[in-house]
Structures are given as structure tokens and as C-alpha cells.
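# Breakdown of the fold
Residues per chain are reported as follows:
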Amino acid sequence: MNKELTPPYKWADDRCAVSITVPVAGIDPATARLSVQDEGRVLQLRMTQSVTSKGTTSVNKFKLNLTLFAPIRQEDCVVDVNPRRVVLKLPKLEPGVKWKQLQKAGIPKPPSESIDWDRVQLDDEDDNTDVIDISPLDNATPDTFVSRIFAKPTMVWRKFSTALNLQIDQWDITFYYLVFLSLLLCPYTKVEESFNVQAMHDIMYHGWNLDKYDHFEFPGVVPRTFIGAVAIAIPSLPLSLILRVLYFPKVLSLYLVRFILGCTVATCFGSFRKEVASRFGYEAGCFMTFITFTQFHILFYSTRPLPNTFAFALVVVSFTLLSRGGYLKAVAVLAFTCIVFRCDVAVLAAPIVLEILVRRLVPIRKLLFWGIVASFASLALTIVIDSIFWRRLIWPEGVVFYFNTVLNKSHEWGIMPWHWYFTSALPRMLLFSVVYIPFGIYAEPKRLGPLYRPVIIFLCLYSFLPHKELRFIIHVAPVLNAIAAVGLSYLWRRIKKITKRKSLATLLSIVLISVILVDAVASAGFFAASSSNYPGGRALTNLHYSERTDPTRDYYVHIDVPAAQTGISRFLERSAPWRYSKQEGEIDVEQFTHLVTANRTVAGFHEVTHANGFSHISYSSAIAAVKSLAQWPPAPREAWNHLRSIYALEPKIFVHKKDHHPPTLKPF
């Protein structure tokens, strides 16, 4: 039919952008055309619907003309076409200005227009807008003292969750499952995570009894903040108390705090993923999910209580706010991250602030005001909290900055060449999905510019520091994955357009997806190797299971440095009559009943058990596995046995028992 129909539509205002949903199914993505004129005030959407019923195909054409309430940014508008609806994402030219109606004042509301209650921005402060806050429970609850106490925090959380788009979906739940799986594969922690792990243990088990805290005995090279440990340990306390009452081992509390940290990272990542999907299409959001879920390092570090992991979550939140137009809030989050967790995030914050100023997105005075206020508030918070726990006036991240930058002592942990991040860290972190990044920049150079420009500048500047580690740049991985997902989505759609033969298009699509599958296989190999890197934790666990505790006897265990650095923490210790010592230097081993050490033999002690650790990759086993599959008939069982021996293991940590110590019974 030649007549163009006016489709029904719903709209919602979320402060930084306006979304319009057209609930029409079967729209051909190639026919959806959006044009914006009159300085962002006049909008026109044209699209074609193809409906096949009983072998007959009918074509309907739709046109939507709107004169908007306020101007929008034409270059950042997004049209997301999926099988059931079409969603328009229209960023406001002036973020924060509330739209009282969709169209210009004086234009009557057409009957095809309605409010999109699923996307509506709730607001308790303005009752004059068409976007109404429906709160039947608030109306039914009497105005009591208790209700007034909880009203304000509830409103703050509702606005925070709406601003970050924290609605949990199936992909977030899948991320939670993967976090739990990675936790099971690598249940212990290493020396880099020791401060926050011990701090969370001490907060949960010692409370305000600071004399028993681990950091006074082992302060580390530089002091670290307690804010991250407090933020994770306090929500874990109720369930941890239940575990203690039921006499479960303390190691379950370690799994609990790490799982909560991983779910926090997953939720922050989910908010950014939803924003990518709303700006660049549903396919881009799905591809970003698949790419991230098949990469080892994001899943691995999501449960690691490192300052880098806390910074990772906050940097992802800042990129989410930047994508939604919340520039001032993003700068405040970055300032908090720099002051509290990782001072090197300033190298990333600087180009982001420069991007905001060059594009004139926010007045410079307002930007400076928010940045200075957030910095001083963060500084006051970390000084107050950390001075209490350290029992002296201290700004931990300031000490770290002085140690690494002014004294330039970070090189004592190793020096890497300038190009190491680009030639080694990024390929290992992104795996084969890195090949899609150039296509993403080519497909969306303007809209992806605010994302990739600060990241590239950050990587180049940060490469001048001599000491380099992959975890130092892990917080830019979601941005690079988003760019790769846009590139993959572009190639996916391009194949369907330029390839006339369906079989060829299917073959090329399989080739594109196979890259993600190869990433999944490589990540499985990384997890297999990493699970063998914690012989210290396994050795202490083996000791506890090999000795049946007798309350009348004394169990005094010495843990040497290699064992303590490879998985042992206070969460693995047991209560009396077990005692533990990590004394370094010259020690009298005669005072101990057991030794957990890297030494294979110790005079006066005999080996009880040991724990294997990763040694090297056996390439001969890999070749043998390929030959077993290549022969005819294939031998999958033989190939599997060869694959299991690819990662060669060897005894790393040994458990020794005193020769004249009274024997104990082993459990049945």
C-alpha cells in the first residue's frame, strides 16, 4: 500500500535523553530512516513493515513526524530495530532539562501517543510533569517517624539505580553464574590481594579489636585503603554470622566476600552494556556480552579483592554516566577513584575531562567545581576512615603516589618496554576479539570517539611508566570490548547486505562467531592453568583434612613466604587448638608441630602431604592430542588424556610434621 501510516508510540524522559518506542513488529532495519532538522527540533522517522501470512506478503509504510519539546543532539541519536519494536534514543542538547511533554508547547497530544511506563524516569521532586511517580505503597503508608526515616534513602537509591540502569536482566544473571564458576575454579588468593583479603577477614571476625588486625604485623610495602574492604565486608556480615553459628569453615566467608565483589563488578558492567545496546543497537549489546564472557581476565579479576578491581567497577560506572550525558557525575566518580583506590586513574581522567571541555559539553566552572568538591570529599573520607584503622594520620593512596612517582621505586618489581601494553597485555586481555576494534572505529568514528580517544591517550601515556602489569589497564577492557562489539555488529549486518547467496552469508557469519568461540577455548585454557597457581592454599587445606583435631593437643603451624604468597590467608585458618605463624627470617622450627613450606625436606620433620603447582606447558602432549584426533578412526579418549597433561604440574608446597609429635587419627 502506498499510504504512509502514523504508528502508535510511547515516550519517556530519563533526564539525559528521551526514548521513543514504536511497538510495531516486522520492521526491516534497512528501511528505518531517521532525520532531524531545524537545529534538532523537528524529527521524522520512516520505516517499512513486511508481514507474511498464508504465503502472502503485505508491505506497510509508516511515517512519524514530531516537533520536539527541546532540541536534541542529532549526531548521537540511535535507532534500535528489533523483531518486536523500534526504539529511538534521543540525547538532549541540554542534559538535565525535564521535558513536560514530548512535543512543542501548543501542539496537542495525538491519540497515538502515550507514556512508556517501563522506561519512565521516576522523580519525587516535580509534580508538574506528565511523567507521574506511581507509588501506591507510599500513599497507603501512614506518615510515621519510621516512614520518614526510610523515605529519603529509598528515593536516593531509586534515583541512583535509574541513573545507572541497574535493572537486572538475563545477561546479568549469566555473569553472576560465571563469577561463581570462576570462584570455584580459582578459590584462593595470592599475595597481591593479601591486604584487602586480610582486612575483610579482620573486619568480619575482629570488629573494632584493632590489636588483632593483620596489617599491623604485615603492613606491606605501601599502605592501602580500608574503604573497599569495609564496603564488601559489611554487606557480607549477616550471612557470615549465620555460617559461624552453624560452624561452617571460615573459607566459606572468603567465597562469600569474593562473590559479592564479583556481583558488584558484574552489575556495574551490566549498566554499561545496556547503555551500549541502547546507543548502538541490540546486536552490539549481545556481541559485547559474548565477547566479555569469553575473555579470561575480566572474569578472573572480577572476584579479586585488588584496588584495581574496585577501580574497575567505578571506571565502568563513570563510562556509563558519560554515555548517558552525566558528565559531572562521571568526573566526580573518577575523582573518587583517583583519591581512594588508584591514583593512576588520573591518567585516564585527564583525557576524559579534556574531551568534555573541547566539546563544550559542560561549562568549565561547573566542571571544576564538581571535580574539586568530589576530590576534597573523597580525600576527607579516606583520611578519616583509614586513619582510624591505621592508628595514624594517613592518606594511603597519597603514599602510593609518592612511592611510585616521586621516589620512582615501582621499577624494582620489573621493567617492561614502552610497547608492552600494546604488544603483550592487550592481545592477552582481549584475545582474538581485538581484530574487530578497527571495524568498530570505522563504522562509528563520531559516536565512538568519546570512548576510544581517552583510552588510547591513557594507554600511550601510561606506557611511559617502567613497571607494567596487565591488571593496571584492566578497567579499559569494557570500553575496548564495546568498540569490538560495534565492529562485529557492523560486519554482521554488512554481510547480510552485500552477500546475495544465503549459504555464503551463513558461512561468513560462522567465521565471525568462530573468533568468539576460539576466545572461549583460550579462556578455558587460562583458567586451567590459573587453578594450579595456588599450591599454598591447597597445602594448608590438605593439612587440615589430613589431621583430625584433638582439643587436648597443640597444633602450631609455620607458614613460610612462598606458601603465604600462593593462596594462604586468614580465612583458611582454624580456631584453637590450631595456631599459625608467618614469622620470617631465622626461626626455631622445633617449636612448631607442622611446617607448610617450599622446602622438600626439613630435618626433624617428615612429609605428610604436598600440593602441586603449575610448572610449564607440554607442547608434546598437545601435538599428541591433535594426532589422536587426526587419525582414523579418531581416539577421543586418548586425546582427552593427552589434553589433561598439557599443563605440567610439579610439587610446589610441602607439609611436614614433627617426627616425635603424637600421631593423630585420620578421618574416616
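What you are looking at is a predicted structure, and each value in this text was computed from that prediction instead of being measured.

### A few points about the overall build of the protein
When helices and strands are tallied, the protein shows 22 helices and 14 strands. Within the protein, buried positions represent 49% of all 668 residues. Taking all contacts inside the protein whose residues are at least 6 apart in sequence as the whole, residues at least 24 apart take part in 77%.

### A look at the sheet that holds strand β13 (residues 605-617)
Two pairing modes exist for strands in a sheet, parallel and antiparallel, and in both the strands are linked by backbone hydrogen bonds. Strands sit in the order β11-β10-β12-β14-β13 across an open sheet of 5 strands; the sheet is mixed. The open sheet has two edge strands, β11 (578-581) and β13, and neither has a second partner. Between one strand axis and the next, the sheet turns by 20 degrees as a mean value, whatever way the strands run. Relative to β11, strand β10 (residues 555-559) runs parallel, the two being bridged by 4 bridges. In the sheet register, Y556 faces β11, and the bridge partner there is R579.

### With respect to the confidence of the model for the protein
Summing up the model confidence of the protein, the mean pLDDT is 84 and the portion of residues at 70 or higher is 90%. Here residues 121-154 is a poorly scored stretch, pLDDT under 50, and it has 29 contacts once near neighbours within four places are set aside; other chains count. Here residues 664-668 scores under 50 on pLDDT; set against residues more than four positions off or in separate chains, the count is 9 contacts.

### Comments concerning the side chain of K582
Structurally, K582 can be placed in the loop between β11 and β12 (594-597). At 4.8 Å, E573 is the nearest oppositely charged side chain to K582, a buried residue that forms no salt bridge. In contact with K582, not counting residues within four places along its chain, are Q198, F218, H558, I559, I568 and E573.

### Side note on empty space enclosed by the protein
Applying the stated criterion to the full structure yields 7 cavities of 30 Å³ or more. What the largest cavity holds in volume is close to 250 Å³. L322, S323, R359, P450 and L451 are the residues nearest the centre of the largest cavity, which is lined by 19 residues in total. Contributions of two or more residues to the lining of the largest cavity are made by α6 (251-280), α9 (307-323), α11 (346-358) and α16 (445-462). Of all the elements, α6 adds the most residues to the lining of the largest cavity, at 5 residues. In terms of residue class, the lining of the largest cavity is made up of 11 nonpolar, 1 polar and 7 charged.

### Quick word on the pattern of salt bridges
Inspection of the entire model under this criterion finds 20 salt bridges. Between K658 and E590 there is a salt bridge; the shortest N-O distance is 3.8 Å. Here the residue K658 occupies a position in strand β14 (residues 647-658), and E590 occupies one in the loop between β11 and β12, the gap between them amounting to 68 residues. The class of E590 is partly exposed, set by a relative accessible area of 40%. K652 serves as the salt-bridge partner of E650, at 3.2 Å between the closest nitrogen and oxygen. What makes E650 partly exposed here is its relative accessible area of 34%. Residue classification places K652 among the partly exposed residues on the basis of a relative accessible area of 30%. Members of the salt-bridge network, linked through shared partners, are E4, R46 and K63.

### Some points on the sheet that holds strand β7 (residues 78-81)
Spatial ordering of the open sheet is given by β7-β8-β3-β2-β9, a layout of 5 strands whose pairing is mixed. Edge positions in the sheet fall to β7 and β9 (113-115), since each has one partner strand and no second. Sheet twist, expressed as the mean angle between neighbouring strand axes with direction ignored, is 20 degrees. Both strand β2 (residues 9-13) and strand β3 (residues 17-22) contribute to a ladder of 4 bridges, which runs antiparallel. Residue K10 lies in a different strand from β3, and its bridge partner there is T21.

### Some thoughts on the packing of α6 against α9
For the pair α6 and α9, the least separation of the axes is 9 Å and the interaxial angle reads 25 degrees. If you check the angle between α6 and α9, you find them roughly parallel. Helix-helix and strand crossings are classified by hand; for α6 and α9 the assignment is left-handed. Of the residues in α9, those in contact with L261, V265, C268, F269, S271, F272, E275 and R279 of α6 are T309, F310, F312, A313, V316, V317, F319, T320 and S323.

### Looking at the packing of helix α10 (residues 327-340) against α11
Interhelical geometry of α10 versus α11 gives an angle of 160 degrees and a closest axis separation of 10 Å. In terms of their interaxial angle, α10 and α11 are classed as roughly antiparallel. Here the hand of the crossing between α10 and α11 comes out left-handed. For the pair α10 and α11, the contacting residues are Y327, V331, L334 and C338 in the first and A346, A349, I352, V353 and I356 in the second. For the contact of α10 with α11, the residue count by class is 9 nonpolar, no polar and no charged.

### Quick word on unusual backbone geometry
Cis geometry is adopted by the peptide bond preceding P577, which originates at A576 and carries an omega value of 15 degrees. Despite not being glycine, Y247 shows a phi value in the positive range, around 60 degrees. Relative to the assigned elements, Y247 resides in the loop between α5 (227-245) and α6. Its relative accessible area of 75% is what places Y247 among the exposed residues.

### Thoughts on the packing of aromatic side chains
Evaluation of the coordinates by the stated rule reveals 32 aromatic pairs. With 6.0 Å between their ring centres and 90 degrees between their planes, F180 and F259 make a pair best called edge-to-face. With F180 in helix α3 (residues 170-185) and F259 in helix α6, the pair connects residues that are 79 residues apart, well separated along the chain. Among the residues examined, F180 registers a relative accessible area of 42% and is labelled partly exposed. In this structure an aromatic cluster arises from ring pairing among F195, W208, Y213, F226, F389 and W390. Positioned over the ring face of Y205 is K250, at 5.2 Å from the centre of the ring. For the cation-ring pair, R453 lies above Y452, with the distance from its terminal atom to the ring centre recorded as 6.0 Å.

Definitions and cut-offs
Residues numbered from 1 in each chain as written. Predicted model: local features only at pLDDT ≥ 70, side-chain atom pairs only at ≥ 80, totals over all residues. Heavy atoms only, no water. Helix = DSSP H or I, 4+ residues; strand = E, 2+ residues; numbered from the N terminus. Buried < 20%, exposed > 50% of the residue type's maximum accessible area, 1.4 Å probe, protein only. Contact = heavy atoms within 4.5 Å. Pairing = 2+ DSSP bridges. Axes fitted to C-alpha atoms, helices over the stretch in contact; angles between N-to-C directions. pLDDT = per-residue confidence, 0-100. Lys, Arg positive; Asp, Glu negative; His and termini not counted. Salt bridge = Lys/Arg side-chain N within 4 Å of Asp/Glu carboxyl O. 1 Å grid on protein atoms, 1.4 Å probe; cavity = no way out; pocket = protein on both sides within 12 Å on 5 of 7 lines; lining within 4 Å. Points joined across faces, edges and corners; volume = space filled by probe spheres on them. Nonpolar A, V, L, I, M, F, W, Y, C, P; charged D, E, K, R; others polar. Parallel < 35°, antiparallel > 145°, perpendicular 65-115°, else oblique. Left-handed = near helix turned anticlockwise from the far one by under 90°. Phe/Tyr/Trp six-rings, centres within 6.5 Å; stacked < 30°, edge-to-face > 60°. Lys NZ or Arg CZ within 6 Å of the ring centre and 35° of its normal.

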